[in-house]
Amino acid sequence: MPVYKAPVAETSFLLNDVLKLDTYADLPGFAEATPDTVAAILEEAAKLTETSWAPTNLVGDKEGCVRNPDGSVTTPAAFKDAYRAYVEGGWLGLSAPEELGGQNLPSTLNTVMQEFASSANLALAMYPGLTQGAIAALMVHGSPEQKATYLPKMVEGVWSGTMNLTEPHCGTDLGMIKTKAVPNGDGSYALSGTKIFISSGEHDLTENIVHLVLARIEGAPAGTKGISLFVVPKFLVGEDGSLGARNGVSCGSLEHKMGIHGNATCVMNYDGATGWLVGEENRGLAAMFVMMNEARLAVGVQGLAVAEVAYQNAVFYAKDRLQGRSLTGPKNPDGPADPIIVHPDVRRTLMTIRAINEAARALILKTALQSDIAHRSPDPAARQKALDFLGLMTPVVKGVFTDLGFDNAVKAQQMFGGHGYVEEWGMSQFVRDARITMIYEGANGIQAMDLVGRKLAKDGGRAVMAFFGEVEAFCKENGGDAALQPIVGPLAEGLGRLQQATMWFMNNAMTKPDNAGAGATDYMHLFGLVAMGHMWAVMAKAALAKEGAPGMAEKLVLARFYMERLMPETAAQLARISAGAETTMALPAEAF
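This one's a predicted model, so the numbers in the text were calculated from it and none came from an experiment.

A. Seen up close, the overall build of the protein chain. A count of helical and extended segments in the protein chain gives 17 helices and 11 strands. Over its C-alpha trace the protein chain gives a radius of gyration of 24 Å, about what one expects of a compact globule, namely 25 Å for 592 residues. Its C-alpha atoms give the protein chain principal-axis dimensions of roughly 80 × 60 × 60 Å. Residues classed as buried in the protein chain amount to 56% of the 592 residues present. Taking the intrachain contacts of the protein chain between residues at least 6 apart in sequence as the baseline, contacts between residues at least 24 apart amount to 73%. Surface exposure of the protein chain reaches about 24,200 Å², of which carbon and sulfur atoms provide 56%. Distance from the positive charge centre (48 side chains) to the negative charge centre (63 side chains) of the protein chain: 4 Å.

B. Representation of the packing of helix α3 (residues 55–63) against helix α11 (residues 427–437). Contact geometry of α3 with α11 gives a least axis separation of 11 Å together with a crossing angle of 75°. One way to sum up the angle between α3 and α11 is to call them roughly perpendicular. Where α3 abuts α11, its residues N57, L58 and D61 lie against Q429, F430 and R432. Partitioned by chemical class, the residues of the contact of α3 with α11 number two nonpolar, two polar and two charged.

C. Spatial organisation of the packing of aromatic side chains. Tallied over the entire structure, the rule returns 12 aromatic pairs. Ring geometry for Y24 against F30: centres 6.2 Å apart, planes inclined by 50°, an arrangement best described as tilted. Under the relative-accessibility criterion, Y24 is labelled partly exposed at 23%. Judged by relative accessible area, F30 falls into the buried class, the value being 3%. Members of the aromatic cluster, each reached through a chain of ring pairs, are F467, F468, W504, F505, Y523 and F527.

D. Quick look at the pairing of strand β5 (residues 189–199). Where strand β4 (residues 180–183) lies against β5, four bridges are found, and the strand directions are antiparallel. Bridging across to β5, A181 finds its partner in L191. Two strands pair when backbone bridges link them, and β5 and strand β11 (residues 265–278) are joined in this way by nine bridges, in the antiparallel orientation. Within the sheet, the bridge partner assigned to T194 lies in β11 and is N269.

E. Summary view of helix α6 (residues 122–141). The end-to-end C-alpha distance of α6, which contains 20 residues, comes to 28 Å, matching closely the 28 Å that a straight helix rising 1.5 Å per residue would cover. Where burial is concerned, most of α6 is hidden: 16 out of the 20 residues are buried. For α6, the N-terminal capping position is held by N121, with its side-chain oxygen 3.3 Å away from the main-chain nitrogen of A123.

F. Seen up close, the layout of surface pockets. Put simply, the second largest pocket is a space of about 700 Å³. Every residue lining the second largest pocket is counted, 27 residues in all, and those nearest its centre are Y24, K366, Q370, E470 and H534. Take the lining of the second largest pocket: its biggest share by element is eight residues, from helix α13 (residues 462–478). For the lining of the second largest pocket, the class distribution of residues is 17 nonpolar, three polar and seven charged.

G. Representation of empty space enclosed by the protein within the structure. Enumeration according to the criterion identifies five cavities of 30 Å³ or more in this entry. There is about 70 Å³ of room inside the largest cavity. Every element with two or more residues in the lining of the largest cavity is listed here: α3, α5 (107–120) and α11. In the lining of the largest cavity, the residues fall into nine nonpolar, three polar and no charged.

H. Broad picture of the environment of P128. Within the fold, P128 resides in helix α6. Sequence separation of P128 and E564 is 436 residues, and the distance between their C-alpha atoms is 40 Å. The contacts of P128, once residues within four sequence positions are left out, are W53, Y83, Y86 and L92.

I. Examining the pattern of salt bridges more closely. Across all of its chains, the model carries 27 salt bridges by this definition. Ionic pairing is found between D81 and R84, a salt bridge with its closest N-O pair at 2.4 Å. Of this pair, D81 and R84 are both found in helix α4 (residues 79–88), three residues apart, which corresponds to roughly one turn of the helix. In this structure, K541 engages E477 in a salt bridge whose closest nitrogen and oxygen atoms are separated by 3.4 Å. Here K541 is found in helix α15 (residues 513–545), whereas its partner E477 is found in helix α13, with 64 residues between them in sequence. The exposure class of K541 is partly exposed, given its relative accessible area of 34%. A cluster of three or more residues bridged by salt bridges with shared partners is formed by E10, R354, E358, E554 and K555.

Definitions and limits used
Residues numbered from 1 in each chain as written. Predicted model: local features only at pLDDT ≥ 70, side-chain atom pairs only at ≥ 80, totals over all residues. Heavy atoms only, no water. Helix = DSSP H or I, 4+ residues; strand = E, 2+ residues; numbered from the N terminus. Rg over C-alpha atoms; globule rule 2.2 N^0.38 Å. Buried < 20%, exposed > 50% of the residue type's maximum accessible area, 1.4 Å probe, protein only. Contact = heavy atoms within 4.5 Å. Areas by Shrake-Rupley, 256 points an atom, 1.4 Å probe, with all protein chains shown as cover. Lys, Arg positive; Asp, Glu negative; His and termini not counted. Charge placed at Lys NZ, Arg CZ, Asp CG, Glu CD. Axes fitted to C-alpha atoms, helices over the stretch in contact; angles between N-to-C directions. Parallel < 35°, antiparallel > 145°, perpendicular 65-115°, else oblique. Nonpolar A, V, L, I, M, F, W, Y, C, P; charged D, E, K, R; others polar. Phe/Tyr/Trp six-rings, centres within 6.5 Å; stacked < 30°, edge-to-face > 60°. Pairing = 2+ DSSP bridges. Expected span 1.5 Å × (residues − 1). Polar contact = N/O pair within 3.5 Å; in protein donor to acceptor, adjacent residues only side chain to side chain. 1 Å grid on protein atoms, 1.4 Å probe; cavity = no way out; pocket = protein on both sides within 12 Å on 5 of 7 lines; lining within 4 Å. Points joined across faces, edges and corners; volume = space filled by probe spheres on them. Salt bridge = Lys/Arg side-chain N within 4 Å of Asp/Glu carboxyl O.

Structure below.
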């Protein structure tokens, strides 16, 4: 059975020494996040995910979900106790406001828990993860009555939430939505239509499921301008908060999927289901984007999470598996062979995974901290700067970390040889589960186009120029440090290539938009490599300040490995971007 140990020490280093969480004590909720409190939260999160959640992953994958004749869905048997432990620990409300029953701690800590939980069992983690996204959308756009009706129970975890966007004929192009909403005359609407790929759409883990549904009110404008958002509970809720009659929403079928078998991915049928408008009429996409952006960042966390647990199991196997002899002489002379971790190509693979994972974790937590600043800071300038960073990094975190997360899961599987291809070791599940992260919440090609087509030019390029300025300032400030030079030098080179690529788009994509489309994915990954490189430089500086402490020497080696082995890829990405779209678009469709 696969093993998992939550990266508590690594996360503590990032929160305390790299991001310096204690310097934000003036923000609401941060004063309570003392070093002792954070340490206790990390330890408790590790205990829950390692002992209660991780053992349910493999069995949940094998058992899967079952749709019953009455349309109800039964989740894997082991999930009930694991989910109950999560709820009883108050984890759903970790960063929710106190007036809703939450603890109002930084959402950065919730992001940590999302990683630990997703590593332990991605399919199970999706149930509370989607609920937290629905909570965020209702907090921003829900009416006072809607907040009072739904949020306390959702924060408690006894009710869950979903997002319903996709329909059989439309995915990314939400302007084609056909689900209709007809006014009932009493302030409610009757919703009719079919939604597909609805994660956690029907299950037996909570008493009620609160669906957030995109639909078109009769007579609304065509396209995205005519879409509204509705809250549609599985069970109607009485004025006293009690559950009433079953609403007209049901699971028509379960999707038969490549992975995340323990999550109920449903076809949802709305047959005159009663729903209530969330926010303004015909402004549903703006309201749903709150949840979608939360979900995109969470999916980036999922990419890291699966890569982390896959890496841990690959290391465990590489230290144990005896095969061949070291190129420099036997390292296990009393045994028939050496453990495969002595081989340079195995080391290269494991070092690559680890260097990416640790940088990804650092950037994810930095992004989560910016989300806290954006939502909690009393300073408008600080909020705006944080929002700029969030908008810029959301497609990078989602797109790059899920692409690399899948790659890293495959690399980890490769360490097992043929054993990695059979189910009992669990590595194939990691590969299957990681694959969905590249697809849902906006396929990664869409993330790349969002970055290139929208985020770079937004507000006159304010966000990207601020990022360039931050990295440039770090390089200038630390370029003379001999210990950091092997890290700062390559980072500066990578930044230069990213700036060249950005300028190339400015000069060549306005009149030929296909140039942007053809180079978008390379640009997103170029951006990701530089952003992760910046985090490695910051981590290296923090490690030097703690020289002699456990693990700090390893940090410096990993930082140099990243700069020597991974940062040079930015040159190839720049070359591909600069090649333009001519050959990419040259063949007629009939030639394919």
